[in-house]
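Summary of structural features
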Amino acid sequence: MVWFAREMGKLAAQTPAGHLVDRTPWKRTLLVLSALFATVPAATIIWWNSLPWMVAKAVIEGIASAIIEPAKAAVALGVVGPHHFDRVSRINEMSDHAG
């Protein structure tokens, strides 16, 4: 149930997150804030571990992860440019799947 809530939050936020990343000039700040929103709720499980909190935490993490993916790609494109983006994108995807 918690995993389902995370994935539904991510699914619902993907299109608006991509639009937000495309339109904002503060892509690095957005990346850092979404990383914080993905990690801070996970740390609070030590103090609050009820089911409603777990579901809320999972939705927050899902929304944050929906923002992290396009923001990471946008920052990578800005850093390396369009000529090297394919290589960097492949490396980022491999590292994401490798853990």
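The structure reproduced in this document is the subject of the present report. None of these values were measured; they are calculated from a predicted model. Each residue is numbered by its place in its chain's sequence as written, counting from 1. Per-residue local features are limited, in this predicted model, to residues with pLDDT of at least 70; the limit for side-chain atom pairs, both in listing and counting, is 80 or more; totals at the level of whole chains, interfaces and linings are taken over all residues. Calculated side-chain values reflect all of the structure's heavy atoms, with hydrogen atoms and water omitted.

Bringing the pattern of salt bridges into the picture now. Any Lys or Arg side-chain nitrogen located within 4 Å of an Asp or Glu carboxyl oxygen qualifies as a salt bridge. Counted according to the given criterion, the structure contains four salt bridges. Between R6 and E7 there is a salt bridge, and its shortest N-O distance comes to 3.1 Å. Here's how the labels work: a residue is buried when its accessible area is under 20% of the maximum for its type, exposed when over 50%, partly exposed in between, all with a 1.4 Å probe on protein chains only. A relative accessible area of 25% places R6 in the partly exposed class. The exposure class of E7 is partly exposed, given its relative accessible area of 26%. With its nearest N and O atoms 2.9 Å apart, the salt bridge here joins K10 to E69. Residue K10 is located in helix α1 (residues 2-23), and its partner E69 is located in helix α3 (residues 51-80); the two are separated by 59 residues in the primary sequence. Helix numbering and strand numbering both begin at the N terminus, where a helix is a DSSP run of H or I of at least 4 residues and a strand a DSSP run of E of at least 2.

Now for the nonpolar core. Residues belong to one nonpolar core when they are buried, are Ala, Val, Leu, Ile, Met, Phe, Trp, Tyr or Cys, and are joined through side-chain atoms within 4.5 Å. By size, the foremost hydrophobic cluster in this structure holds seven residues: A13, A17, V21, L30, A66, I67 and A71. Put simply, the parts of the chain that give this core at least two residues each are α1 and α3. Should any heavy atoms of two residues lie within 4.5 Å, those residues are counted as being in contact. The contact partners of A13, leaving out residues within four places of it in the chain, are I63 and A66.

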